[in-house]
Structures are given as structure tokens and as C-alpha cells.
Amino acid sequence: MTDNNHLGSGSLAIEKVAAVVEAAGVAGRQLREVVYAVGTEEHTLASLVRSTAAPRRTVEDVLSALGDDVEYQGETFRLRADRVDSYAARFDFPQLQRTELIDPLAARMSQHTDTIRIVRDLIRRAPASRQDIDHVSATAETVVRRALWMDSTFDLAGSRILFVGDHDLTSIATALVCPRASITVVDLDERILEFIDTETAELPNEVRCLFADLRLGLPTAAARSADLAVTDPPYTPEGIKLFLARGLAGLSDKENSRILLAYGFSARQPALGLKVQNTVRDLHLATEAMLPKFNRYLGAQAVGSSADWYVCRPTSRTWRSLESAQGGVAANIYTHGPQSLEGGTGQLDSELVEYLLEQTTGEAAVLVGDGWGGSAEGRAKVGLDTLLANGIPAAHSRRGLCSVVANLAKDPGGWLLRVLLAANCREVVAVVPDSHPDVRDARSLARLSSLVSAKYGLRITRDTPRAGYLIVHADAIDTAGPDDAVVGFLLSRAHGKVGNVWRDGLIRHASGESELTKRQAKELVQTTASKSKLLGLPLIELARHDVATVVADVRASMRALAHG
């Protein structure tokens, strides 16, 4: 009797599964593939979503229908062995195997098992994902597949490739696959920039890692510099538009360039997919190809842990629409955290604004950023993007005697240092989140202080009118020794090319027997620089670890000069 009841239960389960599959209509094949996957090997929920590229809710619907026909051991599960034949017959497993699409990159992937192993280790050792800026790691196989696909589609030797964000480390895989490609990575996460820089240091490729919060602009060093742009952006229409626009601004060849986009949406939400695809259309990009489910992820189960690979080609209308596409950028472009679409505006209330203004020592306060309340009416205001791009406008600078009051309440981590580099003034007063990585503890503050010590002395006010914020005070200082003078000279000219400013600082501050000609100063810079590739870049666009490297090198050059 027990066996008969069990068989009846199995028959009921298979009918429930059939109903779920039939309800999907012509798209039912993917659900059959879920059943096939459960019937042929063990899975976790994450691996089943990733292998089938089906949304998690769809996979859960199938598993719910399967009921007791699935046996579990901890987090893993598979179809009961005595039920496999019944499901294979009902859902035609042989037809799924027979009609499976052939992977055109399978042969090349099999030749790059060592590359996959290296990338898998890199992903394991890379900095942890940040949910607040929508980090989800691609699998090692996907990262290598991207590099191989590009190498099989374009002439990468001698090409210049711009990675608009690269938490996935596709830049490293590309460098491994094509040693003659030049690579530029722009990213908000300075941990990622340092990791990529370190891991590519011994490779033959030219690899540049630049800091960029793309909402505030593309680094000048990356503008019009590339033949290809590659991006896996936040999956919001605002995020897609911004990353595509910045990638386009980085392309130099208007006739032959391409931009490659990873984007995925749930089959349950085609309207969202259409909204994003309309964003691509609004930029007048021709979609040359869309490779379905090309990318797989260690997460993002809502979209089946997968994304399509779009190959977009600019048209003549793209360039005409680009300027408007880069204007009026929304601060909230992510799907999680304080800068998500549902996040706050960063508006400061009047009490906090008044408190900030009271911290300054003079009347000439320039307000930087957005979110100032009515109590700030009549004050000079400068956008954060304007300050970081060009410094304090001459109309407000008053020869460095003004104060800057900055609203950095939504700083994701990189703004504060750049404000201190960009603002040449008597003092900076900035409100930041109390969780800000530069000020959350004494050690973090000491690291930031060491970078800017030749320009500003830093102190913190933690007792503020609003919980969750603190105030950073930066007071201009008089440099003491000649090495501080040269470093201060560099920090106060952060928009100039490092090599030129460093050279001019050496000439200006050398004295007596140490006086230098322009040629001698240039030679000293070149022999002292740890990374010659940084000399042609603006200090403000360097990743933080490279700023530290340059500051240390400048001090070393002054010591070398002092010792003859």
C-alpha cells in the first residue's frame, strides 16, 4: 500500500510539473531544461539558476511542483533515481540533448583551462563585492569567454580597450588572452583599481587604472582614447544610460568603434527589459548582435544569474545625442543602498546647513555639491563635478582665500580625497557619512592625512546636529621642509600632468647648489618615478594607491637632490 501511495504521489508531481511547463507556452523549453538539470546531476539552488539561466522564482516554481520527487542532502538536491525515467520520457530529455545549441567558443575555452584557473583564483582573492554599488561577480568562465569572444571578433593586437567599471576583472582576462592590447580601467572602487594594477604589473600590456565616479564625468585621460568600450553596469535604465554614455565618450574612432554591454532582465519582467533597450535606442546605437545568456554570475538570481551580451555600434546620430545624454546625470543609479533609485536625495536640512556654515572662519564660503536648503540662498555654489574637473572657478576663488563647504553626505568613498585635491583654498569643511572609509576610525584618518599633509591638516567633528554624519575640517598649512613644499606644489595643481608639475616643483623649490635646469629636473623625475605611466596623467584622476606612490616618489626625489 505504501508503494502504491508513493507512486500516486509521484504521478501527481509529474502532472504538476507538466502544468507549470505548459503554462510557459513556447518558452517552456527553459523549464524542461530545469527538470533535466535536476534529473541528471546534483545542484544547489544557486547552481541550478546559473546553469539554466532561469529566474530564481521560476526555478522555485518547478522545484515546488516536483515536491517529494526531489531528494535533498543539505543544500544539494536532485531528482530521485527511481523517477528519472518517468521525467525523461514525459519531458523528452533526449530531444533537449539532441537540439542543444553548439557553443562556438567551446574549442577555444578548452584551450584556456589555465586562464580560467588563473581568473578563478583572481576572483577568489579580489576585494569583496559592494552591494551598494551593485557588485555581482561574473564566473571565471564568463570573464574568459568575454576576452576570447573579443579576440575572435576584433583585431585586438594594438587596440585600445576601455573598461567602464570592471569589478568582474575582464580587463585582466583580456590582457592574458591578448598581450598586445592596451587597457584602461575606470572604476569607482579603488580597491578594485589597486587589485587590477597589482595583478597586471608583470604583464606586457599597458594597463592604466583611473578613478572615476561616472556620475561626475569620465577622466580626461580616458576621453577619446579607445577603440572598444566594455561595460557591465548597474541594471537600471539610469545606470545603463550613464555607463553607455561614458563609454561612448571614451571612444576615439567614430566610424569603427564598438561598445559591448552586459545586461540581463528577468523573463518575468519584459517591460523592464524594454525600458532599458529603449535607453540603448535613445542613444542611436545600432545593435549588431545580442548573444543571449552569454554572461553567468555568482549571484543575481532574480535575472537567472545571467545577462545577454550586446554588441552596439555608434551611428552618426549617436555623437549628436551624446552631449545631452551626459547632462543632468541622476545621483541614484543603483538597485541597492543609499544611492539606489529608492535612496534619499542627500538634501541637508536647514539646521545642518547652518551648522556647517558656522564652522568656517570667513564670509567667502563656496558651497560645493547639491542638496543645500533655503538657508544657503545667495551663497556661491559650485557643482561637485565642476570642482573635480576644474577646481574652484576663478570668480569664487579669491586667490585661495575662500572657504569651501562641501555636501558629501552621499560620498561612496572617493569624493573626499578628490575635493581636498581639487580645492585650493584656506579651508574645506565637508559633511560625510560617519561610515565613510576615510574617517571611520583613527587608522583610516591617518592614511588620508598622510596623503594631503603637505596641503591640509585634518580634524574631525563627530558631534553634529544629525546622527549618521560627521564633519571633516581641512585647514591649509604652511609647508616646512623643501620636500613638503614640492609635494604641496603637486597637491595644489592636481589637474596638471604629474610629470610636468613635479618637474616644475623641483625647479621652483631647489636652491643653492641644488638649483636645476628644466632638463635636469625632468631627468630626476624620470629616474625617481616608480611608475612612469603615471607621469602623463593628472593626479586627481589617479587611483588612491597611485596618489600615494607619487607622493612618496616626490619626497624621494627631494632627498636625492639634497644628497647630490
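Residues numbered from 1 in each chain as written. Predicted model: local features only at pLDDT ≥ 70, side-chain atom pairs only at ≥ 80, totals over all residues. Heavy atoms only, no water.

It is worth spelling out the nonpolar core at this point. Of all hydrophobic cores here, the largest spans 93 residues; its most connected members are Leu-408, Leu-420, Val-428, Leu-506 and Leu-539. Not counting residues within four places of it along the chain, the set of residues in contact with Leu-408 comprises Leu-384, Trp-415, Leu-416, Val-419, Ala-430, Val-431, Val-432 and Pro-433. One finds Ile-116, Ala-126, Ala-140 and Ile-183 within the second-largest nonpolar core, a separate group that totals 47 residues. (Core = buried A, V, L, I, M, F, W, Y, C linked by side-chain atoms within 4.5 Å. Buried < 20%, exposed > 50% of the residue type's maximum accessible area, 1.4 Å probe, protein only. Contact = heavy atoms within 4.5 Å.)

Right, let's talk about empty space enclosed by the protein for a bit. Inspection of every chain in the model, using the stated rule, returns one cavity of 30 Å³ or more. In this structure, the largest cavity occupies an estimated 40 Å³ of space. Considering the residues around the largest cavity, the lining is formed by Asp-197, Val-207, Arg-208, Cys-209, Leu-210, Lys-533, Leu-534, Leu-537 and Asp-546. (1 Å grid on protein atoms, 1.4 Å probe; cavity = no way out; pocket = protein on both sides within 12 Å on 5 of 7 lines; lining within 4 Å. Points joined across faces, edges and corners; volume = space filled by probe spheres on them.)

In the numbering used here, UniProt assigns the feature "domain: N(4)-bis(aminopropyl)spermidine synthase C-terminal" (unreviewed entry) to residues 117–301. Secondary structure across residues 117–301 comprises 36% helix and 21% strand; the distance between its end C-alpha atoms is 24 Å. (UniProt positions renumbered as here; feature names shortened; annotations may be inferred. Helix = DSSP H or I, 4+ residues; strand = E, 2+ residues; numbered from the N terminus.)

Here the focus is the layout of surface pockets. Space inside the largest pocket adds up to approximately 1,700 Å³. At the level of secondary structure, the elements contributing two or more residues to the lining of the largest pocket comprise α1 (2–23), α2 (28–40), α3 (45–52), α4 (56–66), α6 (93–98), α9 (140–153) and β8 (285–296). Per-element tally for the lining of the largest pocket: the top contributor is α2, with seven residues. Split into classes, the residues belonging to the lining of the largest pocket amount to 22 nonpolar, 12 polar and 13 charged. (Nonpolar A, V, L, I, M, F, W, Y, C, P; charged D, E, K, R; others polar.)

Attention now goes to helix α18 (residues 415–422). When you tally the buried positions in α18, you get eight out of eight residues, the bulk of the element. For α18, the complete set of buried residues consists of Trp-415, Leu-416, Leu-417, Arg-418, Val-419, Leu-420, Leu-421 and Ala-422.

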